[in-house]
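# Chain and residue survey
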Amino acid sequence: MSSERQKKWREVSAYLDQVLDLEEPAREGWLRELSIRAPELAAIVRSLLAERSEPGGPAVLLDDATAALVGTTLAGQRLGAYTLDRPLGHGGMGTVWLAHRSDGRYEGRAAVKLLSLALLGRPAEQRFIQEGSVLAKLRHPNIAQLIDAGVAAGGQPYLVLEYVDGERIDQYAQRRNLDLEARVRLFLDVLAAVTHAHSQLVVHRDLKPANIFVDGAGHVKLLDFGVAALLGSTSELTREAGVGMTPEYAAPEQLLGEPISTATDVYALGLVLFVLLVGRHPLSVPGNSGPELARRTLELESPRVSQLAGDPRAERALRGDLDNIVAHALRKDPQERYLSADMFAQDLRRYLAHEPVSARPDSVSYRAAKFVRRHRGAVLTGVFTALAIVAAVIITTLEMLEARHQRDAALYQSKRAEYQARFAFQILSEVGSDGRPITIRQLVQKGIEVLEKNYGDDPRFVIATLVNISGRFMDLGDTQSEYATLVKAEKLARQLGDPAQIAFVQCNTVETELQAGRAQQAALRMRDGLANLARVADPSVQSRLDCGIAQARLAWGEGDLPHAIAAARAVATDMEAQHLQSDLRFTTVVSMLEIMLSHSGLNGEALRWNERATAALEQAGRADSAAMFAFRHNRAQELYKCGDVRRAYEQEKALANTIVTHQGVSGVPYPIAHWLGFLQVRIELTDAGLAWIERAVRDSAAQQNRPAQIGALLNHARAQLLLGRTAGVLPDVEQAESLARTSAQSNAAALAAAQLIRAQLMVAVGDAAAAHAAIESLLAQSGYPRKRTDVRLPAALILRARTEGSLGRWAEALQSAREALAVSEEHALSAEQSADVGAALMELARAQRALGDTAARLSAKHAAVILARSLGADHPETRAAAEFTM
């Protein structure tokens, strides 16, 4: 950008910010004064304001003059991996550009949001940065994702966002002439996005049709979290950002400067649904100024949706439930609205299913009408005879008795949603009022207070919620508070004398006892939980699953892998049979099962469960979730253990690229980073992968993440061995062993891995005798040959054959090579793609040649084919195998 153009654009941005801060009546006088002083700039600002007020614009669209001013200066500029193409819009904060990915990794488009240069150093810059922080928390298919963020060379911050090629939700519905049900279903996707934001304690605060787009495939995307607030935050930044609302969609409490809550978004959502259903705002009239619309919002009641329908048929369709649902969302008092977007969605789903909604008074006639609507054919056939009426009464009574359990579950879910909404609302008014930061632990503690204060008359609900809250303490690593919360739940359950509740609490406390190192107490709780569960005539699915998972976890903690695997497998299979793969417990138990199967050498079954879990996550719309990333990482590790090194590297590299795209390099977790680095060194045999491993070593140490630090140190040692840098191997191994010995039982696998690396180092420095002794010790510890499932067996047996050959004991080397080949084939997913099988064949070929066996050439030829598939045709091991056959 030339200095002259840059200066001019800064002036335009500064004037635009000033005029946007003015109310409508004051703008014209300000613009007249600017026209006298700077007519050219005034013309550009007027043009921008005119475009901004044009209906349908997601932002202020650039006119030809402004596009020429900006487009010619920034088009072609590269920011990170993206190159700017053309401006999409302009607002008070800055410009939005269409960009394309230009680093050669893959093709793709994005929307790049640039902060106006005039705002650098002002509070707006902090709001812009906050938008990036908020978006980084939100991962949902109906929210436009943050891809990257950075600072341009001139100090201008930018955000790289998912580009949504679509149109406003109201225009989309109107252009396609969607029927009423289709519009409601479309709006349910909006509610799903907002519910996710609320679950992350984020309130959008500027929901309107212009911030909700629908793409050509019908996918809803929620945009622009530029004025979003974290629940409970009362910082100066949040207060200063409060001006960034749209009066047309602002709730009364926003206009009055009162505290914001999830109910604030609910009000805006009610207005969006109103517009979506009838094509117009309930209170806006032509010529409304901002202050006039604010006055109408505060003083007038919104009309019913059906009143603005436009024709009798639409009025009839909207009258009743939809009238009541929208009116409930638009109550002036926040506490009288739906307290959460999820509760709003529940009523709309009930409407679509012709079930009673909560937004209207209950009555016998209302429920009867809904019954007739749901079972129209049966009722219309039966009304002609009194006998059918009597039969219907009997059947209905039986159905009511049969459905009592489901009804209770539904009431619990409703109450849980109500509690969550009330919790979010109360932390606004009760926590952090002094402006100081609020910790997650404080929020969770406040949750217990709200629970005990408001729900003491419903012990079952309190018990269930206390167990859930204990899990949040577990996430925080606060085992003491976790245990204390579970003790409260157990006390209530025993006072209630309900065996189902006792079983529920006891089974959920098993993991806590194990984490605290109290294995005996965990076993006692498990027995008590199962005994109480046996006393329940018809235990709930949740109780059965919780106790099944606890049994698997206890057996695993006791070292009984066969029983642990059987218990976890039974739970996962049961959940699949009942189509409960969307339940979070499914991914929990499958993750546990996969790890145990892997430790048992059952890699094929581990990979099959991995595929089932990832399919469930994709179906649930969680393809970019942390759980999915964990399963993809596990899959790479399984492939490596099966010997398919190249595919493992490709999987881990693709996973890391996905995370970098969404969260930047710093978002790649330590375990993924150090495994990616090791696999890169294993395949490429260059220094390139070391940077990933060294970052994981450094950062995991800084964060005191001991398991990640141990793994990173061991992979650093392995990588140095592969690169022939023997001097640095032993310090890494010794540091890893020192960290692992602080909890030797839980780190047994890491300590065994360190032994194997020590033996490999001995071979590398030429001490074959010491290496052979170390390998024999390791094999004995693993239970070989009686046990053949240890993941280190293929590498250990290959190394034993190599040391025996180095010592001239070729007959023993031949036997060890045959054993290594057999075990490697057992561990492989496909023997023809296993680097371990290839390496074992090469040791076999060397022993055969030394003993004069002509089969040596065939063994090496077979090895070369397999190594080309598992490591690559140009890998040194593949070339060595090919040369051996010449």
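Structure first, text after, so check above.
Everything in this summary refers to the structure shown in the same document. (Residues numbered from 1 in each chain as written. Predicted model: local features only at pLDDT ≥ 70, side-chain atom pairs only at ≥ 80, totals over all residues. Heavy atoms only, no water.)

## Regarding the overall build of the protein
Keep this limit in mind: In this text, helices come from DSSP runs of H or I with a minimum length of four residues, and strands from runs of E with a minimum of two, each type numbered from the N-terminal end. With a 1.4 Å probe rolled over the protein chains alone, any residue whose accessible area is under 20% of its type maximum counts as buried; one over 50% counts as exposed, and the rest are partly exposed. Any two residues whose heavy atoms approach within 4.5 Å at even a single point are treated as in contact. Areas reported here follow the Shrake-Rupley algorithm with a probe of radius 1.4 Å; residue values treat only the protein chains shown as occluding.
In terms of helices and strands, the protein carries 40 helices and eleven strands. Split into buried and exposed, the 886 residues of the protein put 49% on the buried side. Contacts in the protein between residues at least 24 apart in sequence constitute 61% of all its contacts with a sequence separation of at least 6. Counting only carbon and sulfur atoms, one obtains 53% of the accessible surface of the protein, whose full area is about 40500 Å².

## Thoughts on the sheet that holds strand β10 (residues 220–222)
For the record, the criterion: Any two strands with at least two DSSP-identified bridges between them are counted as paired. Think of each axis as a best-fit line through the C-alpha atoms, taken over the contacting stretch in the case of a helix, with angles from 0 to 180 degrees between the N-to-C directions.
An order of β7-β9-β10 is seen for the three strands of this open sheet, with the pairing classed as antiparallel. A single partner strand is all that each edge strand has here, and the edge strands are β7 (166–168) and β10. Taking each pair of neighbouring strands and ignoring which way they run, the sheet shows an average axis angle of 35 degrees. Across three bridges, β7 lies against strand β9 (residues 212–215) in antiparallel orientation. Opposite Glu167, over in β9, you have Val214 as the bridge partner.

## Quick notes on empty space enclosed by the protein
Where we set the bar: Of the two site types, the cavity is a set of points on a 1 Å grid over the protein atoms alone where a 1.4 Å probe fits but cannot get out, and the pocket is an open set with protein on both sides within 12 Å along at least five of seven lines, each lined by residues with an atom within 4 Å of a point. Grid points are joined across faces, edges and corners, and a volume is the space filled by probe spheres set on the points. Residue polarity is assigned by list, with Asp, Glu, Lys and Arg as charged and Ala, Val, Leu, Ile, Met, Phe, Trp, Tyr, Cys and Pro as nonpolar; anything else, Gly included, falls into the polar class.
Counted by the stated rule, this structure contains two cavities of 30 Å³ or more. In terms of lining, the largest cavity is formed by Gln581, Ser582, Asp583, Thr587, Ala616, Leu617, Ala620 and Arg622. Residue classes in the lining of the largest cavity are distributed as three nonpolar, three polar and two charged.

## Things to note about the state of the cysteines
Keep this limit in mind: Here, the term disulfide refers to a pair of cysteine sulfur atoms separated by no more than 2.5 Å.
Counted under the stated rule, the structure contains one disulfide. Paired by a disulfide, Cys507 and Cys547 hold their sulfur atoms 2.0 Å apart. The chirality of the disulfide connecting Cys507 with Cys547 is right-handed, given an S-S dihedral of about 90 degrees. Of this pair, Cys507 sits in helix α22 (residues 499–515) while Cys547 sits in helix α24 (residues 541–557), and the two are 40 residues apart along the sequence. Note on accessibility: Cys507 and Cys547 belong to one class, buried.

## Brief notes about the pattern of salt bridges
For side chains bearing opposite charge, pairing can occur when the charged atoms are close. Spelled out, the test is: The term salt bridge refers to a pairing of a side-chain nitrogen on Lys or Arg with a carboxyl oxygen on Asp or Glu at a separation within 4 Å.
Applying the stated rule across the entire model yields 39 salt bridges. In this structure, Asp583 and Arg585 form a salt bridge, with 2.9 Å as the shortest nitrogen-oxygen distance. Take Arg585: its relative accessible area is 19%, and that puts it in the buried class. When the shortest N-O distance is used, the salt bridge between Arg802 and Glu843 registers 2.9 Å. Of this pair, Arg802 sits in helix α36 (residues 793–806) while Glu843 sits in helix α38 (residues 835–850), and the two are 41 residues apart along the sequence.

## Regarding the pairing of β9
In the case of a regular strand, side chains alternate between the two sheet surfaces. Side chains Ile212 and Val214 of β9 all project onto a buried face; the interleaved residues Phe213 and Asp215 project onto the opposite face, where all are buried too. Here β9 pairs with β10 via three bridges, running antiparallel. When the sheet's bridge partners are listed, Ile212 is paired in β10 with Leu222. Between β9 and β10, which follow one another and run antiparallel, lie four residues, and Gly218 among them has a positive phi close to 90 degrees.

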